[in-house]
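Inside the fold
Residue-level listing of the chains:
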Amino acid sequence: MRGKNVLRVAAMAVAMLFLAGAALAATKTIRLSHITAKDSPWDKGANKFAELVAKKTNGRIEVKVFPQSQLANGNQKAELEMLQSGVIDMTWDSPIILALFLDKRFDVFNLPWLYASMDVANKVADGPMGALAMKWLEEKGITGLGIGVNGYRELTNSKHPITVPDDMKGIKFRVAGTKLYLETFKLLGANAVTMNFGEVFTSLQQGVIDGQENPTAIIDSSKLYEVQKYLTMWHYSFDPLILCINKKLFDSLSPSDQKAVRAAAKEAVAYERAVSAEEEKRLPEELKKKGMQVNDLTPAQIAAFKAKVQPVYAMLEESVGADNMKLMLAEVAKAEKAVAAPKGGKKAAPKKKK
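The rules behind each value
- Residues numbered from 1 in each chain as written.
- Predicted model: local features only at pLDDT ≥ 70, side-chain atom pairs only at ≥ 80, totals over all residues.
- Heavy atoms only, no water.
- Helix = DSSP H or I, 4+ residues; strand = E, 2+ residues; numbered from the N terminus.
- Buried < 20%, exposed > 50% of the residue type's maximum accessible area, 1.4 Å probe, protein only.
- Contact = heavy atoms within 4.5 Å.
- Expected span 1.5 Å × (residues − 1).
- Pairing = 2+ DSSP bridges.
- Right-handed = clockwise from strand over helix to strand, strands pointing away.
- Axes fitted to C-alpha atoms, helices over the stretch in contact; angles between N-to-C directions.
- Nonpolar A, V, L, I, M, F, W, Y, C, P; charged D, E, K, R; others polar.
- Parallel < 35°, antiparallel > 145°, perpendicular 65-115°, else oblique.
- Left-handed = near helix turned anticlockwise from the far one by under 90°.

**Description of the environment of Ala37**
Along the chain, the position of Ala37 falls in the loop between strand S1 (28-33) and helix H2 (41-56). On the basis of relative accessible area, Ala37 is assigned to the buried category, the value being 9%. Each residue touching Ala37, except ones within four places of it in the same chain, is listed here: Asp43, Pro67, Gln68 and Ser221.

In structure tokens form, the structure reads like this:
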């Protein structure tokens, strides 16, 4: 009898070990990397996605978030290459980085003074241009799950306030590395250089560069206000943000898990957009409190800058494709009308004749 009990206990122990092993095998861990600091909108969106994926897959998939591109030593080019090869599973990526290291056509999303508002930019992202971006990613072994918001790129420097193009002369700015940004700043008379974002704070601190351009959320979360005095709110380029996953990994998921991941991405993108929109409104005042001098340019002042960079559109048409440029401009015009239209789509009732 005693021998039978021992055997029974042993059998139960083996069964429990088997079930535990099966449970562990059923849990898939996905690593999501992004370049910005903890608690930035990128990070909040990534963590919301992780929370939703766990919920929608009943814990079968766990998403671990790694801010400041820890898995790639802060190098965005390496991060993107690791995504393509499958060493990193997921990233948030700006079209700027995608244009620089993956496909030049993504530059069409970042043309200077292209979008009148964040609502317009989001409508464009949700339409045919967004679908094209997903197609371009698929060609490179990446699946796009949704398009969020990095925000309007504003200007900071340590020298003096900037209100007219001539104010930019003699100032050394770090700009995002594509030809689009280098040429834009060159046309404005600035000395523009490129470097990995992970090096920007130290370069500003040491005086290697005098200024940089980024959304206010990144200026704040990366504490650039500690090494920059002047902030120019000029909304010169709007930066969408694409949630990317390695295509082989995504294709390996079961149909139900693919559906769950896409649903989580849709909700997380909407959440990240809302966080970014709130911070765009709130942060200029916060940055003032942290010691920055904030200059809000008037439409007339912005027009002077915009006039000087028009050659960029013609220059970029060759690399992004004339058809893509034409479609983008048409989609922007369509989105502007949709945003300006009365809510509910109802026209105002005609006035009665007296």
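**Observations concerning helix H6 (residues 128-139)**
Look at H6: 17 Å from first C-alpha to last across 12 residues, which is about the 16 Å you get at 1.5 Å a residue. All of the buried residues along H6 are Met129, Gly130, Leu132, Ala133, Met134, Trp136 and Leu137. On the buried face of H6, the contacting elements are helix H4 (95-101), helix H5 (118-125), strand S4 (142-157), strand S8 (230-246) and helix H14 (322-340). Following H6 by one or two positions, Gly141 has its phi on the positive side, about 80°.

**What about H5?**
Taking burial as the measure, the 8 residues of H5 include 6 buried ones, the bulk of the element. Inspection of H5 places Met118, Val120, Ala121, Asn122, Val124 and Ala125 among the buried residues, and these make up the whole buried set. In this fold, the buried residues of H5 make contact with H6, S4, S8, helix H11 (255-289) and H14.

**Regarding the pairing of S1**
The pairing of S1 with strand S2 (residues 61-66) spans 6 bridges and is parallel. By the bridge assignment, Leu32 is partnered in S2 with Val65. Taken together, S1, H2 and S2 form a β-α-β motif whose crossover is right-handed. Looking at chain direction, S1 and strand S3 (residues 90-93) are connected through 2 bridges and run parallel. Directly across from Ser33, in S3, lies its bridge partner Thr91.

**Observations regarding the packing of H6 against H14**
Here H6 crosses H14 at 145°, and the two axes come no closer than 9 Å. Across the interface between the two elements, Pro128, Met129, Leu132 and Trp136 of H6 pack against Asn324, Leu327, Met328 and Glu331 of H14. Here the residues of the contact of H6 with H14 sort into 6 nonpolar, 1 polar and 1 charged.

**As for the packing of helix H7 (residues 179-187) against helix H13 (residues 311-320)**
Two elements in contact, H7 and H13, have axes separated by 10 Å at closest approach and are oriented at 155°. One finds that H7 runs roughly antiparallel with respect to H13. The chirality of how H7 crosses H13 is right-handed. Listed contacts from H13 to Lys179, Leu180, Glu183, Thr184 and Leu187 of H7 are Pro311, Val312, Met315 and Leu316. Its residues placed into classes, the contact of H7 with H13 shows 6 nonpolar, 1 polar and 2 charged.

In short, the description is geometric, and any link to function would need to be established separately.
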